[in-house]
Each structure stands twice: as structure tokens, then as C-alpha cells.
Amino acid sequence: MKFFLLLSFIGFCWAQYDPHTEYGRTAIVHLFEWRWVDIAKECERYLAPNGFGGVQVSPPNENIVVNNPFRPWWERYQPISYKICSRSGNEDEFKDMVTRCNNVGVRIYVDAVINHMCGEGAEAGTSSTCGSYFNPKNRDFPAVPYSGWDFNDGKCKSGSGGIESYNDAAQVRDCRLTGLLDLALEKDYVRTTLANYMNRLIDMGVAGFRLDASKHMWPGDIKAVLDKLHNLNTRWFSQGSRPFIYQEVIDLGGETIKSSEYFGNGRVTEFKYGAKLGTVIRKWNGEKMAYLKNWGEGWGFMPSDRALVFVDNHDNQRGHGAGGSSILTFWDARLYKMAVGFMLAHPYGFTRVMSSYHWPRYFQNGDDINNWVGPPNDNGVTKEVTINADTTCGNDWVCEHRWRQIRNMVAFRNVVNGQPFSNWWDNGSNQVAFGRGNRGFIVFNNDDWSLSTTLQTGLPAGTYCDVISGDKIDGYCTGIKVYVSDDGTAQFSISNSAEDPFIAIHAESKI
Ligand code: AAO
């Protein structure tokens, strides 16, 4: 029995489900479209000191350059080769980032686009981020190299060669996703080529991968690629560590392909999480926060130890992908902070925080016609992430991860790591509270009236600093103070018009 437990422990710690974050670091951040030089600095100056576990970076490989519309963010999801050469920087800059982030205990996870190459309709030429030649019509990508043999054209059974029905699993896997040339992952040459690319990154010190468009690859083909991957670099990781894997599969229910088909390969993105949480916090469809009492598997989500969760991602924050209009983003800052706060306080899943840039959002007939707009740039050259005196970001970078409420909830999650979900309370409506053992407690008021009540926090007696309204600095609290009595109870008052109608306290915010 003991031996078995030991084995399963090792199995977890070294396996593809483990993010390999430093001990006690429990959340990662997607620094969408950031340059490598800025990420390296951010690891050192902000992420490590604030307890962030890692960074999901945008695809680092060479991609097509799209000029119409001008340099959309989504051009990076159209690979041309596996040279490390993109708007975020070159290979030296990438390596320097990985080294510097790892040296301060912050991991790098690469967004790996391995399902496809560029769109079939693109013109042949050298309009690519490193100037490599390609000819989509002939399926010719000499910089890899790939040729006609390496694509699924023969295998796809739809009339158009594209995915026509999401209820035909073979089509979803073998046909083109929005025209993107579909790689034949059943071929050993393709599998080896992809694994070589990923192994170069692993050898540089990358800790794992987001596998883009995993729904569009057969689970067995993904496994064949993963089986070829190296163990992580022992300069930073223990011997035998397997790369962390999280697969992008959009499963909101109702389609033939299920998230569970991918559990054997690694974790899977739980898209129901953000869609449902947005609906609850917006109070749509009669939803209320009181219903969050059994949040997690109780809501029909995948097992917690397989889930990668997030409130919004780079697609659904701008109407791409799935989730719909309920998704909360920085554009709805007040509700968004509550949603991210709830996610980070709740034990379910492995959490990813989104960090975005502003774009000129403009709705026409319900669609944001500017949802293609790329990162802040000068003539296509991505702008630096500058830091303002108040620690927020300049140059149109939103940096949600630097918002006090979000940054402090990342710390909360670290402090309560491993503690059970406890002391749930609700008023039957949108006032709820819960704790994490004797390490942390959080209270929300999303009703249209004030909250004023005494609650069991589970915390030791003392004065605690609310990390939502302020910070504990040199033993002094700049925000609301909460007094926990000897019996663990405390009085909470939250106005429905508070700037942030929630309060969070934890073992390390005690003063
Ligand atoms: C661009 C252009 C295209 C052009 C193409 C080729 O926009 O017009 O044809 O180039 O030239 C991103 C952009 C794309 C862009 C692409 C390449 O989002 O617009 O195309 O780069 O530059 C599906 C996939 C999912 C994918 C998502 C966007 O399953 O994997 O579409 N996400 C990833 C990335 C994403 C990237 C790619 C993949 C491609 O995160 O950034 O695309 O590398 C249903 C399905 C989902 C499906 C959605 C959207 O969702 O379930 O699997 O996602 O449809 O097509 C309800 C349902 C829900 C349904 C939803 C939407 O909510 O419950 O299941 O409605 O219908």
C-alpha cells in the first residue's frame, strides 16, 4: 500500500499533469503577445517577487505575416517554420528569457501550434516573420521541410476539405480548421519533426506546452508526439520530469468530441469554467453566486486534477473561439476582478490568469469588428511593456496580473495551497463566503444591497488586512481591517456600491 502511494505520488509529481512550478506557486499568467525581452524583465521584477508560478507565452516559431488586415494577432497561429523567430523576438532573446525566468523560479510554457500550418489561401512567397519561403498551394514549406505528403488532404472526407460539422469527429481531426493546412500527425516524419521542435524548446528550459487546437488532432497522434519528448532540463528540474501538457479542447457539451478523450495525454482546458462563472457573476439566466457552493465537478466540469482553468482567454475575450457573450474580461473590470478572485480562491483546477492589451473594440451588429487587432505596435513592431510609477503598465498593455486585487489573490492561492474548501456561507442569493482551512477566507457581495453579517472564518484570532482593498505593508494595512475573534468569527460589511465588493484575508495578511 505504502509503495503504491509512493508510486502514485511520484507519478503525479513527475508527470505531464504537474506544471513543475516552484513549491507553493500555484498560478500562471498568459502574457499574450509580449516580447521575450519584456517577459524576462517581468519575471525578475514582478512575477517572482509576487509568487507567480509561470508564464504562457505566444507561439515563438516563425509565422505568416498578414498585411490585410494589418498584422492581426492571429497570424501567429499560422506557422511557416519552427525557427524561433516572431514578433516577440529571436532565438537568443527567447533563450535568455527562459534562463532568466527559470533562474528566479518562474516557468515558461509554450503555445505550440502543431495541428496545422498557414491558411490554404495565402499567397506563395516570403511574407513570413523570418523571411522563409512557402507555397501553400503546393503544400511546400521548405524551411521545415514539409511537402504535400505531410498533410491530411487525402484523409479528409468532407466535400470542401474543411471542417463542415463538429459532430463528425473524423472531419474535426482530418479536415482544415478555417482553411488552415492540416498536418498529417499519423506520419512518423511529421511526429518527429514536431517533437524535434518541442525538444529544442525543452532543452532550452521550457517547462511545458499549451497544445493549440488539440480537438483537431487525434488523441493517439498527440500521444505519439509526446512520447518522443525529452525530459525537462535538469539544470532547473528534477531528473525524469515530464513536460507539463495542457490541451486546448473546447468542450461545452453537445459535440461528439469530449475533453475526457485527452486526459491520458495531460490536462485539458475547461471552457465551461469561464462561460459558467461569467453567467453567474453577470446574474444571467437566473444564476446566483449561492449556486457556486458545489462549483467544480459538481457543475459537470472535468476532474480538478485534469483541468486548466481561466476566466477568459485570448480568443473568447474578443469573440473568437467559444464561450459566448457571458465571458468576463478586463472590459468589465469590476465583475472581472470578482470572477478572477473567486477562481483564485477556489481549489478547483490549475489556474491561468490572462494579461491583455487594449484594442479599439467596436461593435457592429453585435460583433467586434476590430477583434483582429494585434498588439500595441509601431508599424508592426511590438511595443515595449513600459511600467508606470503606480506599477501599472503603459503603451496600452492592460497587465491584469498587476492589478492589486488579482496580484494579491495569486498570493492568496499560494498561501492556502493544499487547504480544504471550508466554511461555505451564502444568503441564498449573491452574497457568499468560503474559507480554505485555517489559512484564508473570502466574502463576496454581488447583490444589489449591502452585506453585514458575522461569519465563521476558520482563521486564528487576530487582525487581518483585506488584500482586495489594500495591502499589508511593513505590518501596516492600507485597506479594510478584519478582526477575527477567538472563536474564529468576524464581522463583515460590504456595500453593494463598493469599488470591489469582496474581501479576502489570509494567514500572511495578518497584522
Ligand atoms: C484566420 C482568419 C480566418 C481564416 C484563417 C486561415 O480569422 O478567417 O480562414 O485565418 O487563413 C486564431 C483565430 C482565427 C484565425 C487563426 C489562424 O481565432 O480566426 O483564422 O488563428 O490565423 C475552434 C477550435 C479552436 C480554436 C478556435 C478559434 O476548435 O482550437 O476555433 N482556438 C485555437 C486558438 C486560436 C487560433 C487557432 C486555434 C488556430 O486559440 O487563437 O485561431 O490555430 C465551436 C467549436 C470550437 C471552435 C469554435 C469556433 O464552438 O466547439 O471547437 O473553436 O466553434 O469555431 C457555442 C458552442 C461552442 C462553439 C461556439 C462557437 O458556444 O457551444 O462549442 O458556439 O460556434
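Along every chain, residues carry numbers that run from 1 in the direction the sequence is written. Where totals are concerned, whole chains, interfaces and linings use all residues; where local detail is concerned, this predicted model gives features only for residues with pLDDT of at least 70, and gives and counts side-chain atom pairs only at 80 or more. Each side-chain value is worked out from all heavy atoms of the structure, with water and hydrogens disregarded.

1. Considering the layout of surface pockets
Taking a probe equal in size to a water molecule and rolling it over the atoms shows the remaining empty space.
Inference 1: For cavity detection a 1 Å grid was placed over the protein atoms alone, and a set of points counts as a cavity when a 1.4 Å probe fits there but cannot get out; an open set counts as a pocket when protein lies on both sides within 12 Å along at least five of seven lines, with lining residues being those that have an atom within 4 Å of a point. Grid points are joined across faces, edges and corners, and a volume is the space filled by probe spheres set on the points. Quantified by volume, the second largest pocket comes out at close to 580 Å³.
Inference 2: As a working rule, the residues Ala, Val, Leu, Ile, Met, Phe, Trp, Tyr, Cys and Pro are called nonpolar, Asp, Glu, Lys and Arg charged, and the rest polar, with Gly in that last group. Of the residues that constitute the lining of the second largest pocket, the class distribution is nine nonpolar, eight polar and six charged.

2. Overview of the state of the cysteines
Inference 1: The term disulfide is used for any two cysteine sulfur atoms that are within 2.5 Å. Evaluated as defined, the whole model comprises five disulfides.
Inference 2: Covalently, Cys 43 is tied to Cys 101 through a disulfide, its sulfur atoms 2.1 Å apart. In this structure, the disulfide formed by Cys 43 and Cys 101 twists by about 90° around the S-S bond and is classed as right-handed. Here Cys 101 lies in helix 3 (residues 91-103) and Cys 43 lies in helix 2 (residues 36-47), a separation of 58 residues in the sequence. Here Cys 43 matches Cys 101 in class, with each residue buried.
Inference 3: The partner cysteine of Cys 156 in its disulfide is Cys 175, sulfur to sulfur 2.1 Å. Handedness of the Cys 156-Cys 175 disulfide follows from its S-S torsion of about 100°: it is right-handed. Taken as a pair, Cys 156 in the loop between strand 7 (116-119) and helix 4 (169-174) and Cys 175 in the loop between helix 4 and strand 8 (180-182) lie far apart in primary sequence, 19 residues in all. Only DSSP runs of H or I covering at least 4 residues are called helices, and only runs of E covering at least 2 are called strands; the numbering of each starts at the N terminus. Buried means the residue's accessible area, taken with a 1.4 Å probe over protein chains only, is under 20% of the maximum for its type, while exposed means over 50%, and partly exposed covers the values in between.

3. Notes on unusual backbone geometry
Inference 1: Cis geometry is adopted by the peptide bond preceding Pro 69, which originates at Asn 68 and carries an omega value of 0°.
Inference 2: Along the chain, the position of Pro 69 falls in the loop between strand 3 (61-63) and strand 4 (79-86).
Inference 3: Omega for the peptide link from Val 144 to Pro 145 comes to -5°, which places this bond in the cis form.
Inference 4: Backbone geometry at Asn 423 places phi at a positive 50°, although glycine is not the residue there.
Inference 5: By relative accessible area, Asn 423 is classed as partly exposed at 31%.

4. What about the sheet that holds strand 4?
Inference 1: Two strands pair under a simple rule: DSSP has to find at least two bridges between them. One open sheet accounts for three strands, arranged 3-4-5; its pairing is antiparallel. Of all strands in the sheet, those with a lone pairing partner are strand 3 and strand 5 (89-90), marking the two edges.
Inference 2: The pairing of strand 3 with strand 4 spans two bridges and is classified as antiparallel. Note that in strand 4 the partner of Asn 63 across the bridge is Pro 79.
Inference 3: Working rule for contacts: check all heavy atoms of both residues, and any pair within 4.5 Å makes them a contact. All axes are obtained by fitting lines to C-alpha atoms, using only the stretch in contact for helices, and the reported angles, taken between N-to-C directions, cover 0 to 180 degrees. Relative to the sheet, helix 5 (residues 188-204) contacts strand 3 and strand 4, its axis offset from that of strand 4 by approximately 10°.

5. Some thoughts on the UniProt feature "domain: Glycosyl hydrolase family 13 catalytic" (unreviewed entry) in the protein chain
Inference 1: UniProt positions are given in the numbering used here, feature names are shortened, and annotations may be inferred rather than shown by experiment. UniProt records the feature "domain: Glycosyl hydrolase family 13 catalytic" (unreviewed entry) for residues 26-413 in the present numbering.
Inference 2: Taken end to end, residues 26-413 comprises 23% helix and 16% strand; its first and last C-alpha atoms sit 7 Å apart.

6. Description of empty space enclosed by the protein
Inference 1: Applying the stated criterion to the full structure yields two cavities of 30 Å³ or more.
Inference 2: Its boundaries defined by the atoms lining it, the largest cavity holds a volume of some 50 Å³.
Inference 3: Lining the largest cavity are 13 residues, and of these Asn 152, Arg 173, Leu 183, Leu 185 and Asp 221 lie nearest its centre.
Inference 4: Along the lines of polarity and charge, the residues of the lining of the largest cavity split into four nonpolar, three polar and six charged.
Inference 5: Its boundaries defined by the atoms lining it, the second largest cavity holds a volume of some 40 Å³.
Inference 6: Along its surface, the second largest cavity is lined by Asn 152, Asp 153, Cys 156, Gly 161, Asp 174, Cys 175, Arg 176 and Asp 182.
Inference 7: Its residues assigned to classes, the lining of the second largest cavity shows two nonpolar, two polar and four charged.

7. A few points about helix 6 (residues 219-226)
In an α-helix there are 3.6 residues to a turn, and that puts residues three or four apart on one side.
Inference 1: Summarising burial for helix 6: six of the eight residues are buried, a large majority.
Inference 2: If you follow the buried residues of helix 6, they end up packed against helix 4, helix 5, strand 9 (208-211) and strand 10 (244-247).

8. Let's talk about the sheet that holds strand 18 (residues 421-426)
Inference 1: On the basis of which strands lie adjacent, the open sheet formed by four strands has the order 18-19-20-27 and antiparallel pairing. Looking at which strands have only one partner, the edges of the open sheet turn out to be strand 18 and strand 27 (502-506). Averaged over all pairs of adjacent strands, the angle between their axes in this sheet comes to 10°, without regard to strand direction.
Inference 2: Direction of pairing for strand 19 (residues 431-436) relative to strand 20 (residues 440-445): antiparallel, over a ladder of six bridges.

9. Quick notes on the packing of aromatic side chains
Inference 1: Within 6.5 Å between ring centres, the rings of Phe, Tyr and Trp (the latter by its six-membered ring) count as paired, and their orientation is classed by plane angle as stacked under 30 degrees, edge-to-face over 60, tilted in between. Under the defined criterion, the tally for this structure stands at 36 aromatic pairs.
Inference 2: Centroid distance Tyr 336 to Trp 403: 6.4 Å. Interplanar angle 85°. Geometry classified as edge-to-face. Residue Tyr 336 is found in helix 8 (residues 333-345), and its partner Trp 403 is found in the loop between strand 17 (381-382) and helix 9 (404-415); the two are separated by 67 residues along the sequence. Here Tyr 336 and Trp 403 have matching classes, each one buried.
Inference 3: Taking the centre distance of 5.5 Å and the plane angle of 70° together, the rings of Phe 342 and Phe 434 count as edge-to-face. Here the residue Phe 342 occupies a position in helix 8, and Phe 434 occupies one in strand 19, the gap between them amounting to 92 residues. With respect to class, Phe 342 is no different from Phe 434; both count as buried.
Inference 4: Joined through ring pairs, the aromatic side chains of Tyr 273, Trp 295, Trp 299, Phe 301, Phe 342, Tyr 348, Phe 421, Trp 424, Phe 434, Phe 444 and Phe 502 make up one cluster.
Inference 5: Put simply, a charge is over a ring when the Lys NZ or the Arg CZ is close to the ring centre, within 6 Å, and near the line of the ring normal, within 35 degrees. Its guanidinium or amino end placed over the ring of Trp 359, Arg 318 lies 4.2 Å from that ring's centre, counting from NZ or CZ.

10. Quick word on the site of the ligand
Inference 1: For this description, a residue counts as near a given molecule or strand if any of its non-hydrogen atoms is within 4 Å of it. If you check the shell around the ligand, you find 23 residues, and the closest are Trp 74, His 216, Glu 248, Glu 255 and Asp 315.
Inference 2: The separation between an oxygen atom of the ligand and a polar main-chain atom of Trp 74 is 2.6 Å.
Inference 3: Of the pockets mapped on this structure, the ligand occupies the second largest pocket.
Inference 4: Of the residues in the shell around the ligand, the class split is nine nonpolar, eight polar and six charged. Polar contacts here mean pairs of N or O atoms no more than 3.5 Å apart (in protein, one a potential hydrogen donor and the other a potential acceptor; neighbouring residues in sequence count only if both atoms are side-chain atoms). A molecule is said to be in a cavity or pocket once over half of its atoms fall within 2 Å of that pocket's grid points.

11. As for the environment of Tyr 348
Inference 1: Along the polypeptide, Tyr 348 turns up in the loop between helix 8 and strand 13 (350-355).
Inference 2: Owing to a relative accessible area of 2%, Tyr 348 belongs among the buried residues under this scheme.
Inference 3: As a C-alpha pair, Tyr 348 and Tyr 273 span 75 residues in sequence and 9.9 Å in three-dimensional space.
Inference 4: Ignoring anything within four residues of it in the chain, the contact list for Tyr 348 reads Glu 270, Tyr 273, Gly 296, Glu 297, Phe 301, Met 302, Pro 303, Ser 304, Ala 307, Val 309 and Arg 413.
Inference 5: At 2.5 Å, the side chain of Tyr 348 forms a polar contact with the backbone oxygen of Met 302.

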